[in-house]
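Overview (structure and organization)
Listed here are the chains, written in short residue letters.
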Amino acid sequence: MMCSLWRGTLLTLTSSLNRRVFQCCRQLGRSYNIASCMPEAVAFQGVSDHSGLYKFSVNESDRFWGAVARQRLSWISPFHTVQNCDFSQGKIKWFEGGKLNVSVNCLDRHVQTCPERVALIWERDEPGTEVKITYRQLLELTCRLGNLLKRQGVRRGDCVTIYMPPCPLAMASMLACARIGAAHNVVFAGFSSEALADRIRDAQSSTVITVNQGVRGGKVVDLKRTVDQAVQNCPTVQQVLVAMRTENTVPMTDRDVPLEEEMMKEDVVCEPVAMDSEDVLFLLYTSGSTGKPKGLVHTQAGYLLYTSLTHRYVFNYHDGDVFGCVADIGWITGHSYIVYGPLCNGGTTVLFESTPVYPNPGRYWEMVERLGINQFYGAPTAIRLLLKYGDEWVQNYNRSSLKTLGSVGEPINTEAWEWYHRVVGDGRCPVVDTWWQTETGGICIAPRPADPEAEIVPGMAMHPFYGIKPALLDTEVVTGDGVVLQSAQFPAFLRLRLALCYNQYCPLNCATPLLGFFFTGDGAHRSKEGYYQIIGRLDDVINVSGHRLGTAELEDVVVCTIIIMFGLGVYVFVVLKKAVMVEEDVLAQQLREMVSRSIAKYACPDFIQVVRCLPKTRSGKIMRRVLRKVVERNTDELGDLSTLDDPDSVHEVIRGHRRLR
Ligand code: ATP
Ligand code: MG
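No experiment lies behind these values; they were computed from the predicted model shown.

Cut-offs used in this document
Residues numbered from 1 in each chain as written. Chains lettered and ligands numbered in written order. Predicted model: local features only at pLDDT ≥ 70, side-chain atom pairs only at ≥ 80, totals over all residues. Heavy atoms only, no water. Buried < 20%, exposed > 50% of the residue type's maximum accessible area, 1.4 Å probe, protein only. Helix = DSSP H or I, 4+ residues; strand = E, 2+ residues; numbered from the N terminus. Near = heavy atom within 4 Å. Polar contact = N/O pair within 3.5 Å; in protein donor to acceptor, adjacent residues only side chain to side chain. Areas by Shrake-Rupley, 256 points an atom, 1.4 Å probe, with all protein chains shown as cover. Nonpolar A, V, L, I, M, F, W, Y, C, P; charged D, E, K, R; others polar. Pairing = 2+ DSSP bridges. 1 Å grid on protein atoms, 1.4 Å probe; cavity = no way out; pocket = protein on both sides within 12 Å on 5 of 7 lines; lining within 4 Å. Points joined across faces, edges and corners; volume = space filled by probe spheres on them. Phe/Tyr/Trp six-rings, centres within 6.5 Å; stacked < 30°, edge-to-face > 60°. Lys NZ or Arg CZ within 6 Å of the ring centre and 35° of its normal. Axes fitted to C-alpha atoms, helices over the stretch in contact; angles between N-to-C directions. Parallel < 35°, antiparallel > 145°, perpendicular 65-115°, else oblique. Contact = heavy atoms within 4.5 Å. Salt bridge = Lys/Arg side-chain N within 4 Å of Asp/Glu carboxyl O. pLDDT = per-residue confidence, 0-100.

**Concerning helix 14 (residues 363-371)**
At 3.6 residues per turn, the α-helix brings residues three or four places apart onto the same side. With seven of nine residues buried, helix 14 lies mostly within the body of the structure. Along helix 14, the residues that are buried comprise Arg363, Tyr364, Trp365, Glu366, Met367, Val368 and Leu371. Count one or two residues on from helix 14 and you reach glycine 372, which has phi positive near 65°.

If you want it as structure tokens, here you go:
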């Protein structure tokens, strides 16, 4: 069966192979020592380069993960079994027998070697007001908070909900939970009181940690008020710890505890709890792009190991670098690549409180210059937005510190990729398009800038990470499109709760579900070189005149500001670049010619609608399912909108669609 699966998906992608290919480093042809890139590799006999290392990691999975886990993590007691997984039964266990504490791995061991190294730079909303916190200070904050949580009755196994903007106390709260053995449930601090209440109830939290107010894009947001509304419908909540982000006082009740005041009464030493590898580290929800958000669980050792390893190798992070991931800590990207990965590696991580356009569209790059950021990790939605404002906003600032540029969250179209590479990175920084999900905990497919021989094709996610075995599976025999499926045997894969819902994928040409595979919901091509290109969500792939089309492919052609949805045919939503004035008829004609030339006549859009903006999740992803419902005239069935960012965007799309009809 495996053979036929693989045979069915050996795809050729001639168009992408004709594209320009970028070298990750300009060292091609020079010999290099794999052990200088990955010290663990010394133990892997016969491995001399990154490709060999990848093969070893999948063929000798136990030896690979066992060695890196022993090398990279500090264990209180060693594990006896590397992995014990049977995905068809929903069983995923890593490093059984091992005990460790995640906060010790992220803090104490670095305090022993470099206490004054900056652990985090809090890039506050107003440019130039950043705050630097050393490893010693972050450990102190964490311990005081851990002691306060214990005093307030939080015990090992409890789940604490954190509703805070990116700030040091939010990070310390996550680490304090890890220190005392509680799980955390971080909720993005832009969610409504109903969405927050849902998540508090699901986690059965008795403790919520929040701030009086948030500050973002020059605006003050009353976060405590949202918590007050939410907890009215959460009978489990007994206390709300309130930190002060602004100087404004907010109404406090008997349930509320002033965080800073109370934690200052606590000791700076807090004994870390020895946690089992498979104890829960946190609960987190997906973005809600395709439906109701799913609450997922990640555990201690495997998750920490995987985020540390991917942070080091996908971004080519080295000691002393400043790592700037501009996601919010409320998403998995923030958990893995602001908090756990960088801190486990003793890195300096940036915590970004603002927006890409505050106070102007040069914000990111001004910050890169001021903080000396070496790796910048952002989302295509922001790149596309900034591209519209023109190159000057980037070129005004010195970006010579940059070494790697990362992208995550959605497919990055070629125009945005090229701009990121050419303008932001001055054509010298590898762009790593990283494909992964909340479910996978860490990056699964990405280029390998740490490999001096690796190349990058614009718009392609390129290689599976060490230990990852992607499988592409045809949904229909006629085409070469694939579903990314992978065996879930890598340490950061989601645990418990939903694992069983994901292992039942039944392709159209098979009678029974393929047990043991994880259905990601995304489609991908694989070139004959073995490079992967994500083509978008499978829900968004349609069959036009017998040809299967993915959104990413079409959007790539019709230029970055345009998004496409499908009813029975192709429906294009257009967001014009700033200051562009064009007659809709002329635009429609031009778009049809472009698509016809670059893909084929059958792919030409049937309808074109110009809109001011598109409905997006609060993490910036386009909610295509909402657009699809509008096009299908099912506006009564828009589905779960709890993660929708701007409700007006939907109303405008509906009004425009009615006019078109
Ligand atoms: P939900 O699962 O609730 O519908 P979501 O899938 O958007 O929401 P996340 O886990 O935050 O929730 O996002 C993972 C998804 O984001 C992937 O499945 C994929 O569709 C998309 N994605 C992430 N990175 C990339 C990338 N580099 N290229 C293309 N798509 C990506
Ligand atoms: Mg998803």
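On we go.
**Concerning the site of ligand 1**
Residues in close proximity to ligand 1 total 20 residues, the closest being Ser289, Thr290, Thr438, Asp522 and Lys621. Here an oxygen atom of ligand 1 and a side-chain polar atom of aspartate 522 are 2.6 Å apart. Residue arginine 537 places a side-chain N or O atom 2.8 Å away from an oxygen atom belonging to ligand 1. When ligand 1 sits alone it has 630 Å² of accessible area, and the protein chains cover 95% of it. For the shell around ligand 1, the secondary structure elements donating two or more residues are strand 21 (431-434) and strand 28 (532-537). Grouping the amino acids of the shell around ligand 1 by side-chain chemistry returns four nonpolar, nine polar and seven charged.

**Overview of the pairing of strand 19 (residues 375-378)**
Residues Gln375 and Tyr377 of strand 19 are buried on one face, and the alternating residues Phe376 and Gly378, pointing to the opposite face, are buried as well. Summarising the sheet, strand 19 and strand 20 (residues 404-408) pair through four bridges and their orientation is parallel. Across the sheet, the residue bridging to glutamine 375 is threonine 404, located in strand 20.

**Comments concerning empty space enclosed by the protein**
Counted according to the given criterion, the structure contains one cavity of 30 Å³ or more. The volume enclosed by the largest cavity comes to roughly 70 Å³. Along the walls of the largest cavity sit Tyr313, Val314, Ala446, Pro447, Arg448, Ala450, His463, Pro464, Phe465 and Tyr466, which together make up its complete lining. At the level of secondary structure, the elements contributing two or more residues to the lining of the largest cavity comprise helix 12 (301-314) and strand 24 (463-464). Broken down by class, the residue content of the lining of the largest cavity amounts to eight nonpolar, one polar and one charged.

**What to know about the packing of aromatic side chains**
Counting across every chain of the model gives 33 aromatic pairs. Note on phenylalanine 465 and tyrosine 466: the rings are 4.8 Å apart at their centroids and 55° apart in plane angle, and the pair reads as tilted. For the pair phenylalanine 465 and tyrosine 466, a shared accessibility class is recorded, and that class is buried. Against the face of tryptophan 122 rests arginine 124, its NZ or CZ located 5.4 Å from the ring centre. In this structure, arginine 199 packs its charged tip against the face of phenylalanine 191, placed 4.5 Å from the ring centre.

**Quick notes on the packing of helix 12 against helix 13 (residues 332-344)**
One can describe the packing of helix 12 onto helix 13 by two numbers: an axis separation of 8 Å at closest approach and a directional angle of 85°. It follows that helix 12 is roughly perpendicular to helix 13 by the angle criterion. Residues Tyr303, Leu304, Thr307, Ser308, Thr310 and His311 of helix 12 pack against Ile332, His335, Ser336, Tyr337, Tyr340, Gly341, Pro342 and Cys344 of helix 13. Across the contact of helix 12 with helix 13, the residue classes tally to seven nonpolar, seven polar and no charged.

**Here's the deal with the side chain of glutamine 375**
The residue glutamine 375 is located in strand 19 in this model. Accessibility expressed as a relative area gives 0% for glutamine 375, which makes it buried. Ignoring sequence-local partners within four residues, the contact set of glutamine 375 consists of Phe315, Asn316, Tyr317, Asp321, Val322, Phe323, Gly324, Lys403 and Thr404.

**Considering the pattern of salt bridges**
Throughout the structure, instances matching the rule amount to 26 salt bridges. One salt bridge in this structure joins glutamate 262 and arginine 151, with 3.0 Å as the shortest N-O distance. With glutamate 262 in helix 11 (residues 259-263) and arginine 151 in helix 7 (residues 135-151), this pair connects stretches of sequence that are 111 residues apart. Residue glutamate 262 is classed as buried on the basis of its relative accessible area of 11%.

**Let's talk about the confidence of the model for the chain**
Overall, the prediction assigns the chain a mean pLDDT of 85, with 84% of residues at 70 or greater. When the criterion is pLDDT under 50, residues 25-29 qualifies, and its contacts beyond four places in sequence or with other chains add up to eight contacts. Note on residues 560-567: pLDDT under 50 across the span, and 44 contacts to partners over four residues away in sequence or across chains. Both scores are available for the predicted complex, with the pTM at 0.88 and the ipTM at 0.99.

**As for helix 20 (residues 624-631)**
Counting buried residues along helix 20, seven of its eight residues qualify, which places the element largely inside the surrounding structure. After helix 20 finishes, the residue arginine 633 shows a positive phi value of roughly 65°.

**Description of the side chain of arginine 399**
Looking at the secondary structure, you find arginine 399 in the loop between helix 16 (392-395) and strand 20. Assessed through its relative accessible area of 5%, arginine 399 is described here as buried. At a separation of 2.8 Å, a polar atom in the side chain of arginine 399 contacts the main-chain carbonyl oxygen of valine 424. At 3.4 Å, the side chain of arginine 399 and the side chain of aspartate 426 are in polar contact. For arginine 399, the residues in contact, after removing those within four places along its chain, are Trp365, Val368, Val394, Val423, Val424, Asp426 and Arg428.

**What about the sheet that holds strand 13 (residues 256-258)?**
Pairing is mixed in the open sheet, where seven strands are placed in the order 13-12-9-7-8-15-16. At either margin of the open sheet sits one strand with a lone partner, and together these are strand 13 and strand 16 (295-299). Ignoring which end each strand starts from, the neighbouring axes of this sheet average 25° apart. With respect to the sheet, helix 10 (residues 223-231) is in contact with strand 7 (159-163), strand 9 (207-211), strand 12 (239-243) and strand 13, its orientation differing from that of strand 9 by roughly 155°.

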